[in-house]
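Structure assessment
So you can see what is in the structure, the chains are spelled out below.
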Amino acid sequence: MHARISGTGSYLPGEPVSNAALIAAHGLESSDEWIVERTGIRNRHLAAVGVSSSDLALEASLRALAAAGRKPEDVDLIIVATSTPDFVFPSSAALLQNKLGITNGAAAFDVQAVCSGFVYGLTIAEKFILSGSHKCALVVGAEVFSRILDWTDRGTCVLFGDGAGAVVLEASDEPGLLASALHADGSHHGILSVPGQLCGGMATGDPFLRMDGQAVFKFAVKVLAEVANEVLAAAGLTAAQVDWLIPHQANVRILQATAKRLHLPPEKCIITVAHHGNTSAASIPLALDEAVRSGRVRRGQNLLLEGVGGGFTWGATLLRF
Ligand code: UT7
């Protein structure tokens, strides 16, 4: 038995917000040139007040289910990867289950691995399916990072956006996920974090995203190449057999540096960060769905998905689409 992606979907809220519009709205000392040159980001989407991660997850999930030819009631496992859940609890996955109208008691929980969350979620779902306990999983990355940005910190607020991506992962006779690897090193917790919490009815500590950009950059390029090679070796494939590299969409320079380290031509790397910025756990399924719908990713191709994020966490999944 295998676990195979049977459908993909994604959703970006509202109209695109350009670098110039963001700079003007928040009075930032920045420029379109600086943001494009350092990150490749040109636009991001920002959820309206009152729109939550589970709302974005719902739209992406409906599209993924339609692509898979499945009804919500067919789903028996829901995993939402998010660092910006609707509430402390219940999970956004449970809220999504309700919004989808699923009444079959499908298991539902969130995964918190920041920008690696989707790869973590996909790997967990595969293990449920291979164990025989579940047959049809909805794996979603959904984020409203705009809610945790300090709009006076130009070093972070220009980088992130809101969005969601989803896949349906099903038990199949045909090969799907070929190899996965998940890692974490909590000693790097300080270089990318939101070091706040709810306590005594108030937000305590610092409720905004804080990042040492250069430290994150160096760490990301190193571990993304390592974990890519790890899953290639586990699956017995070479980088030359990868049709598409679909990395976490954080910064175009990190994506290009990763492709270079793997000796992959830049045109084999799916890059969508320009029009949605860094959407954390949503970025890999967003990029995957856009590549599927644009006809670049086709059935039977080998895809290498990989992510890195706060924790630090990182991971990769090699799959036959
Ligand atoms: O999901 C993972 C999350 N994070 C990432 O992937 C981010 C990884 N890191 C990066 O992408 C890059 O480090 C950044 C894009 C965040 C920054 O690029 P950099 O080339 O590392 O710039 P820097 O931090 O070395 O800053 C260079 C200069 C500084 O000014 P001084 O000290 O040289 O005068 C910054 O204050 O650029 C300044 N700067 C800006 N200038 C204009 C920082 N942010 C901005 C801005 N506009 N938005």
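In what follows, the structure referred to is the one given above.
Summary of the structure given here.

Here's the deal with the sheet that holds strand 13 (residues 244-247)
Consider a sheet: its strands pair through backbone hydrogen bonds, and that pairing is either parallel or antiparallel. Strand order in the open sheet formed by 4 strands is 8-15-14-13, with mixed pairing between adjacent strands. The open sheet is flanked by strand 8 (177-184) and strand 13, the only strands paired with a single partner. For this sheet, the mean inter-axis angle between neighbouring strands, taken without regard to orientation, is 10°. Pairing of strand 14 (residues 302-309) with strand 15 (residues 313-320), which is carried by 8 bridges, proceeds in the antiparallel orientation.

Here's the deal with the sheet that holds strand 1 (residues 2-11)
Read across the open sheet, the 5 strands follow the order 1-7-6-4-5; overall the sheet is mixed. Two strands in the sheet have a free side with no partner beyond their single neighbour: strand 1 and strand 5 (107-111). Sheet twist, expressed as the mean angle between neighbouring strand axes with direction ignored, is 20°. Two elements, strand 4 (residues 77-81) and strand 6 (residues 136-144), share 5 bridges in a ladder whose sense is parallel. Counted as the bridge partner of Leu77 is Ala137 from strand 6. Set on the sheet, helix 4 (residues 92-99) makes contact with strand 4, strand 5 and strand 6; between it and strand 4 the angle comes to about 125°.

Concerning the pattern of salt bridges
Evaluated as defined, the whole model comprises 9 salt bridges. Between Arg210 and Asp150 there is a salt bridge whose closest N-O contact spans 3.0 Å. Of this pair, Arg210 sits in strand 12 (residues 210-211) while Asp150 sits in the loop between strand 6 and helix 6 (154-157), and the two are 60 residues apart along the sequence. Owing to a relative accessible area of 26%, Arg210 belongs among the partly exposed residues under this scheme. One salt bridge connects Glu226 with Lys222, and the closest N-O pair in it is separated by 3.2 Å. With Glu226 and Lys222 both in helix 7 (residues 213-235) and 4 residues apart, this pair spans about one turn of that helix. Judged by relative accessible area, which is 42%, Glu226 ranks as partly exposed. Taking relative accessible area as the criterion, Lys222 reaches 42% and is therefore assigned partly exposed. Via salt bridges that share partners, Asp150, Asp153, Asp206 and Arg210 belong to a single interconnected network.

A few points about the site of the ligand
Near the ligand you find 22 residues, and of these Ser30, Arg38, Gln214, His248 and Asn251 are the closest. Residue Trp34 places a side-chain N or O atom 3.3 Å away from an oxygen atom belonging to the ligand. Between Arg253 and the ligand, the recorded distance is 3.4 Å, taken from a side-chain N or O atom to an oxygen atom. A total of 950 Å² of accessible area belongs to the ligand in isolation, and the protein chains cover 72% of it. Sorting the residues of the shell around the ligand by element identifies helix 2 (32-39), helix 6, helix 7 and helix 8 (252-261) as the ones contributing at least two each. Per-element accounting of the shell around the ligand gives the leading share, 4 residues, to helix 7. Of the residues assigned to the shell around the ligand, the class counts are 10 nonpolar, 8 polar and 4 charged.

Details of the pairing of strand 14
Counted residue by residue, strand 14 has 8 buried out of 8 residues, so it is predominantly covered. Here strand 14 shows a buried face lined by Asn302, Leu304, Glu306 and Val308 and a second buried face lined by Leu303, Leu305, Gly307 and Gly309. Taken together, the 4 bridges between strand 13 and strand 14 define a ladder with parallel strand orientation. Looking at strand 14, one finds that Leu245 is bridged to Leu304.

A word on the nonpolar core
Core analysis: the largest hydrophobic core is formed by 47 residues, its most contacted members being Leu304, Val308 and Phe312. Going through the elements one at a time, helix 1 (19-26), strand 8, helix 7, helix 8, strand 14 and strand 15 are the ones with two or more residues in this core. The element contributing the most residues to this core is helix 7, with 10 residues. Setting aside chain neighbours within four positions, we find Phe312 in contact with His183, Ala184, Asp185, Gly186, His188, Ile191, Leu192, Val216 and Phe219. Listed in part, the 29 residues of the second largest apolar core include Leu77, Ile129, Leu169 and Ile284.

So, how was this worked out
Residues numbered from 1 in each chain as written. Predicted model: local features only at pLDDT ≥ 70, side-chain atom pairs only at ≥ 80, totals over all residues. Heavy atoms only, no water. Pairing = 2+ DSSP bridges. Helix = DSSP H or I, 4+ residues; strand = E, 2+ residues; numbered from the N terminus. Axes fitted to C-alpha atoms, helices over the stretch in contact; angles between N-to-C directions. Contact = heavy atoms within 4.5 Å. Salt bridge = Lys/Arg side-chain N within 4 Å of Asp/Glu carboxyl O. Buried < 20%, exposed > 50% of the residue type's maximum accessible area, 1.4 Å probe, protein only. Near = heavy atom within 4 Å. Polar contact = N/O pair within 3.5 Å; in protein donor to acceptor, adjacent residues only side chain to side chain. Areas by Shrake-Rupley, 256 points an atom, 1.4 Å probe, with all protein chains shown as cover. Nonpolar A, V, L, I, M, F, W, Y, C, P; charged D, E, K, R; others polar. Core = buried A, V, L, I, M, F, W, Y, C linked by side-chain atoms within 4.5 Å.

So far we have only geometry, and geometry alone does not tell us how the molecule works.
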